[in-house]
Structures are given as C-alpha cells and as structure tokens.
There are 2 protein chains.
Amino acid sequence: MVDVTELKQVARAPREIAESPSFLAKRIGMIAKEKTVAAFEEAGAVPFAYAVLAVLAQGACATQATIADVLRYDRSYLVGLLDELEGDGLIERRRDVNDRRRHVVSLTKAGQKELDRLRGIVGEVDAELLASLTGAERKTLQGLLARLAAAHDPRYAS
Amino acid sequence: MVDVTELKQVARAPREIAESPSFLAKRIGMIAKEKTVAAFEEAGAVPFAYAVLAVLAQGACATQATIADVLRYDRSYLVGLLDELEGDGLIERRRDVNDRRRHVVSLTKAGQKELDRLRGIVGEVDAELLASLTGAERKTLQGLLARLAAAHDPRYAS
DNA sequence: TATTGTTATACTCTATAACTATA
DNA sequence: TATAGTTATAGAGTATAACAATA
C-alpha cells in the first residue's frame, strides 16, 4: 500500500529541449557513453581499448601518430593508453627500421582475442540502446546517424 | 597547382565503429555539443544559460533543487551557474516565505529576452546539424531520437 | 629545422564532503 | 533529525608546453 501523494513527481525536461535535435543527440550520445562505460567496466575492460584494437585490426601497420589521428586523441594522451595495452600484452610496439623515430604498433594474438570479446560487448550495448525500436527503425536510425557523421566528420565518410 | 601526392590522406575510422549505433550516437552527440558551444560562445553566451532559462520559462516557480534535478546537475554545481546568471541580471533568487531554507528562482524581464535570443541560436545549431537531411528525414530522426530518450530517461517521457 | 614519441603540467567539468540555516 | 543551499576539495578526462631522439 503506497500513498500516491508521496510519490515524488519526475522532473520533466522543458519541451523545447526535449524536441531539439541537437539536445536530443547530446542526450542519446551521453546515454550511449554511459552504457558503454558500464558494460566495459563490468567486463573488466575500458572503452578506449576497443577503439585502439579496432583501429589496429583494420589497418595494416600503424604508427602512434596515425592511431591518434584516427581516434582524434592527442599524441601525448595516447602514450599512456598504449602503455596500458602493452602492459596487458594486447599490443606490441617496435621501432620502425626505416625511421627510428617511429613506433610500429600491432595487435598481439591476445589482443586479437580480446578484440573479439569486446566486439560482443559493443553488440550488446547497441542492442540495448535500440531495444525500443523495431528492426526497420534501427536500420533507419543507423543510416541517418551515419550520414550525419559523414557530413560533419571526414573520418566517417563512406 | 597542387601536388596530389602530398595531400595528406584522411584517416578513416574503423568500419565496425562507423557502423555501430552507439558509437555513432556518441559521435553525433559530440558534434552537436561542439557546435552548440561554438555558437553560444560566438553569441557571448554559455549553453547552460539556455538550459536554465528554459527550465524557468516552462515551470511556474522553481527551487534550486528542482532545477538541478531537471538538468541533472549536482545542487552544489548549480550554485555557481545561478550566481553567474544572477550577476547578469537574468534571474532572481528570493527566499521562500513558507520555507526560508529555499530559494525561489525566477526569470527577470532581461532573462526572458535573453532566452528568446538563445532560442534563435539553438534553432540555427539544429538546422546546421541536420542540413544534409531532407525535411522528412529530419522529422524521422527527431522522432526516433525522442523515443530513445524517452525510453532511457524519464525526464524525456512524452 | 621539422617530426615522433614522451613527460610534466594545466585546465574543464563534474562529483563528494562538510558546513549553515532553517524545518 | 532531516533538508536547501553553499563552500571547498578531489577526481576523471583531455589539452598544452617543453623535451630527447631522429630525420
């Protein structure tokens, strides 16, 4: 038995904000980020690990500068992330024999295996995020988001 | 005359990231945020000002706690924001006569005028964000985003 | 002189804890 | 004792500046 008058009313966002595409995009993006961080943490991983491993999996050989450019991280910021991944045995850093300033970064076998595992987590997050949509609606949304990303960020050009 | 071989090739995001709805949502959300911040800065304003003023415009009278709940800010974080808005003469804080612990926050005339101005900026950002879509596509996207927001955040329930 | 990776530092945004005045 | 607002502090994430090795 609950006294309804004591149920705290949920505060509502202003309609003009709840209807603005840019505010909605920011909110959905934050929800996606929160879900991603939570899912990776539960799996004993960190989101940036997936991103770095995915970059290494698609490109032949990568220097730290190219990885940083793809992920839009500062090169100095990437150093610590790679240190962590290297410490876990997921990546390797070797000097480029043609240009000894460069490090050639590559996936280890353990890194490839970890990437496969993390892909499963990303799939679960995607499914959970879009759970309230039909299959057709999910395709539509994905297509529209991909077009917007391509329009505003050359890294997402198709 | 440009030597094409010197044009730096744009680094491409891994396909599995560029196709993931959650990663796309995060990216679009960040783009929306960057555009919003830039547009407000150019107009001599800050994004949180619009959000706070919009909350005050829709609700009758608001205490600081309710404003913080709607915007999901910590109450202590909100204090400094309101200080700034009050310093600019956009809002007023008065003691609640029925409960002297509370501040009743309300829009001033200048605040209402500023809100009208900022609404124009939000409209421009929305238009710019969706510029590459048709009118029908914009409506579709807005509807899908609104449904996702409602599904994951009670403040956006319809 | 310019570039790659590195280290150290600073800044922004937000979360936490402790305090006051009221209830 | 509990709550509203406030102050001060701490943390995560990222950006900036300076540096050594190499080109």
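It should be emphasised that the depicted structure is a prediction, and the values quoted were computed from it without experimental measurement.

Definitions and limits used
Residues numbered from 1 in each chain as written. Chains lettered and ligands numbered in written order. Predicted model: local features only at pLDDT ≥ 70, side-chain atom pairs only at ≥ 80, totals over all residues. Heavy atoms only, no water. Near = heavy atom within 4 Å. Polar contact = N/O pair within 3.5 Å; in protein donor to acceptor, adjacent residues only side chain to side chain. Helix = DSSP H or I, 4+ residues; strand = E, 2+ residues; numbered from the N terminus. Contact = heavy atoms within 4.5 Å. Buried area = accessible area lost by both parts, 1.4 Å probe. Salt bridge = Lys/Arg side-chain N within 4 Å of Asp/Glu carboxyl O. Nonpolar A, V, L, I, M, F, W, Y, C, P; charged D, E, K, R; others polar. Least-squares fit on C-alpha atoms with pLDDT ≥ 70 in both. Pairing = 2+ DSSP bridges. Buried < 20%, exposed > 50% of the residue type's maximum accessible area, 1.4 Å probe, protein only.

K.L.:
Let's hear about the protein's contact with DNA strand C: which residues, and what values?
P.N.:
Near DNA strand C there are 16 residues, and of these Gln64(A), Ala65(A), Ser76(A), Ser76(B) and Tyr77(B) occur at the shortest range. Take Arg93(A): an N or O atom from its side chain is 3.1 Å from a phosphate oxygen of DNA strand C. At 3.0 Å, a side-chain N or O of Arg101(A) approaches a base oxygen of DNA strand C. Elements with a minimum of two residues in the surface near DNA strand C: helix 4 (64–71) and helix 5 (75–87) of chain A together with helix 5 (75–87) of chain B. No other element matches helix 5 of chain A, which puts three residues into the surface near DNA strand C.

K.L.:
Could you give an account of the interface of chain B and chain A, with specific residues and numbers?
P.N.:
Facing the 62 residues of chain B at the interface are 62 residues of chain A. Between chain B and chain A lies a buried interface of about 5900 Å² when both sides are counted; carbon and sulfur atoms form 65% of it. Applying the counting criterion to the chain B and chain A interface returns six salt bridges. Between Arg147(B) and Glu137(A) there is a salt bridge whose closest N-O contact spans 2.7 Å. Linking chain B to chain A there are 28 residue pairs in polar contact (both at pLDDT 80 or more). Secondary-structure elements contributing two or more residues to the side of chain B that touches chain A are helix 1 (15–18), helix 2 (21–42), helix 3 (47–58), helix 4 (64–71), helix 6 (109–129) and helix 7 (135–152) of chain B. No other element matches the 14 residues that helix 2 of chain B contributes to the side of chain B that touches chain A. Considering only residue class, the side of chain B that touches chain A consists of 34 nonpolar, ten polar and 18 charged.

K.L.:
Any chance you could break down the relation of the copies chain B and chain A for me, citing the residues and the numbers?
P.N.:
Here chain B sits on chain A after a turn of 180 degrees about the axis and a move of 0.0 Å along it, with an RMSD of 0.0 Å. Expressed as a symmetry operation, the mapping of one chain copy onto the other fits a two-fold axis. No C-alpha of chain B approaches the rotation axis more nearly than that of Gly29(B), which lies at 2.4 Å. In this assembly the copies share their binding face: 100% of the residues contributing to the interface of chain B also contribute to that of chain A.

K.L.:
For the pairing of strand 3 (residues 103–107) of chain A, give the residues involved together with the corresponding values.
P.N.:
All names here are of chain A. Pairing geometry for strand 1 (residues 62–63) and strand 3, over two bridges, is antiparallel. Each bridged residue has a counterpart across the sheet, and for Thr-63 the counterpart in strand 3 is Val-104. With five bridges joining them, strand 2 (residues 91–95) and strand 3 adopt antiparallel strand pairing. Across the sheet, Ile-91 pairs through a bridge with Leu-107, a residue of strand 3.

K.L.:
I'd like a rundown of the protein's contact with DNA strand D, residues and numbers included.
P.N.:
Inspection of the region around DNA strand D gives 16 residues, with Ser76(A), Tyr77(A), Gln64(B), Ala65(B) and Ser76(B) positioned closest. Protein-adjacent atoms of DNA strand D, using a 4 Å cutoff, are sugar or phosphate at a proportion of 63%. Measuring from a base oxygen of DNA strand D, one finds a side-chain N or O atom of Ser76(A) at 2.6 Å. Contributing elements (two or more residues each) for the surface near DNA strand D: helix 5 of chain A together with helix 4 and helix 5 of chain B. Examining the composition of the surface near DNA strand D, we find that three residues originate from one element, helix 5 of chain B, more than from any other.

K.L.:
Quick rundown of the pattern of salt bridges? Include the residues and the values.
P.N.:
Two side chains carrying opposite charge are able to pair once their charged atoms lie near each other. This structure, assessed with the given rule, holds 26 salt bridges over all chains. The salt bridge involving Asp153(B) is made with Arg27(A); its shortest N-O contact spans 2.8 Å. Note that Asp153(B) is positioned in the segment after helix 7 and Arg27(A) in helix 2 (residues 21–42), a pairing that runs across two chains. Each member of the pair, Asp153(B) as well as Arg27(A), is classed as buried. When the shortest N-O distance is used, the salt bridge between Arg93(A) and Asp83(A) registers 2.2 Å. Residue Arg93(A) is found in strand 2, and its partner Asp83(A) is found in helix 5; the two are separated by ten residues along the sequence. What you see here is one network of salt bridges that share partners, running through Arg27(A), Arg72(B), Asp153(B) and Arg155(B).

Scope: geometric values only; no functional claims are made or implied.
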